[in-house]
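Inside the fold
The chain contents come next:
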Amino acid sequence: MPDSDFPAVKKAQSLAHFAALLDEPAHADNPLRPACAELLSLCTEQQERLSRLVRISDGYHDISRSQNLSLHAQYDRQLRRLEKITRISDRYQQSLHELSAALEEAALSDALTGLHNRRYLMERLKKETLRNDRKAGSFTLAILDVDYFKSINDRFGHEAGDFALCQIAQAVQSSIREYDICGRWGGEEFLILLPDTDLASVASR
């Protein structure tokens, strides 16, 4: 692959990766998805405009050659054009990387409580299981299920229920250790992962 094609290929790969993230069903209800989709559309449009500018610039370059400009003038003009295009390309690529990272992080968080979501908990549980198998260690899982939660929604409405869930999430998060993991397992259920902890230690806390 020519060196001049490498930035364009990297940019196309970034756009494709970003588009694939947006198309994942797991992100369908993510509150960041509409804004990210709009930005992806804008980036794609700007990429097409940039390609047209490159073609126009190439056309002017051909004209300059036909007018017998000096080799030095041609080189200087081409260099300035490439520097400008590179700066624009770098800015868009950096924006795509930052948005891609933000979207991936959002995909692992519960939109309501801000805790980790079920997908993140499953991934961490697999890693923790493998780590403990290697080290012959132990960890503890705890499930917190809010009793009679439906009565809160029925009596006070879903907004009150959402507020209650957020308060419970904050209370649980503030009561665990720094390296413990708390996430929303689903509905009014929360899962707590306690690394390097056995049942006796948990019972004594």
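Cut-offs used in this document
- Residues numbered from 1 in each chain as written.
- Predicted model: local features only at pLDDT ≥ 70, side-chain atom pairs only at ≥ 80, totals over all residues.
- Heavy atoms only, no water.
- Helix = DSSP H or I, 4+ residues; strand = E, 2+ residues; numbered from the N terminus.
- Polar contact = N/O pair within 3.5 Å; in protein donor to acceptor, adjacent residues only side chain to side chain.
- Contact = heavy atoms within 4.5 Å.
- Buried < 20%, exposed > 50% of the residue type's maximum accessible area, 1.4 Å probe, protein only.
- Pairing = 2+ DSSP bridges.
- Core = buried A, V, L, I, M, F, W, Y, C linked by side-chain atoms within 4.5 Å.
- pLDDT = per-residue confidence, 0-100.
- Phe/Tyr/Trp six-rings, centres within 6.5 Å; stacked < 30°, edge-to-face > 60°.
- Lys NZ or Arg CZ within 6 Å of the ring centre and 35° of its normal.
- Axes fitted to C-alpha atoms, helices over the stretch in contact; angles between N-to-C directions.
- Parallel < 35°, antiparallel > 145°, perpendicular 65-115°, else oblique.
- Nonpolar A, V, L, I, M, F, W, Y, C, P; charged D, E, K, R; others polar.
- Expected span 1.5 Å × (residues − 1).
- Arc of directions from axis to C-beta.

Here we take up the side chain of threonine 113. Here threonine 113 shows up in the loop between helix H3 (71-107) and helix H4 (118-135). In terms of polar contacts, threonine 113 uses its side chain to reach the side chain of aspartate 110, at 2.7 Å. Polar contacts involving the side chain of threonine 113 include one to the main-chain amide nitrogen of leucine 115, which spans 3.2 Å. Once residues lying within four places of it in the same chain are set aside, the contact partners of threonine 113 are Leu165, Cys166, Ala169 and Arg184.

This next bit is on unusual backbone geometry. A positive phi angle, close to 60°, is found at tyrosine 148, a residue other than glycine. With respect to the element layout, tyrosine 148 can be found in the loop between strand S1 (139-145) and helix H5 (149-156). You can call tyrosine 148 exposed: its relative accessible area is 72%.

Most of strand S2 (residues 181-186) is tucked away, with five of its six residues classed as buried. Pairing geometry for S2 and strand S3 (residues 189-195), over five bridges, is antiparallel. Counted as the bridge partner of isoleucine 181 is leucine 193 from S3. Taking the residues between adjacent antiparallel strands as the criterion, S2 and S3 are bridged by two residues, where glycine 187 takes a positive phi near 60°.

A word on the nonpolar core. The biggest cluster of nonpolar side chains holds 12 residues, and these are Leu115, Val146, Phe149, Ala164, Leu165, Ala169, Val172, Ile176, Cys182, Phe190, Ile192 and Leu194. When contributions to this core are tallied by element, the ones reaching two or more residues are helix H6 (158-175) and S3. At four residues, the largest contribution of residues to this core is made by H6. Residues Tyr120, Ile181, Leu191 and Leu193 belong to the second largest nonpolar core, which totals six residues.

With that settled, consider the confidence of the model for the chain. With 77% of its residues at a pLDDT of 70 or more, the chain shows a mean pLDDT of 79. H6 holds the highest mean pLDDT among the elements of the chain, 94, whereas helix H7 (residues 199-204) holds the lowest, 67.

Time to look at the packing of aromatic side chains. All chains considered together, the criterion is met by zero aromatic pairs. Directly above the ring of tryptophan 185 sits arginine 118, whose terminal nitrogen or CZ lies 4.0 Å from the centroid.

Put simply, H5 and H6 touch, their axes get as near as 7 Å, and they point 140° apart. Considering the angle they form, H5 stands oblique to H6. Mapping the contact onto sequence places Phe149, Ile152, Asn153 and Phe156 in H5 and His158, Ala160, Gly161, Ala164 and Leu165 in H6. Grouping the amino acids of the contact of H5 with H6 by side-chain chemistry returns six nonpolar, three polar and no charged.

The terminal C-alpha atoms of H4 lie 25 Å apart, and with 18 residues this matches the ideal 26 Å at 1.5 Å per residue to within 8%. Listing the buried residues of H4 in full gives Tyr120, Leu121, Glu128 and Asn132. Down the axis of H4, the sector holding all buried residues measures 90°, keeping them to one side. Exposed positions of H4 whose direction lies more than 90 degrees from the buried face are Lys126, Lys127, Leu130, Asp133 and Arg134. Packed against the buried residues of H4 are S1, S2 and S3. Of the residues flanking the end of H4, it is alanine 136, one or two places downstream, whose phi is positive at about 55°.

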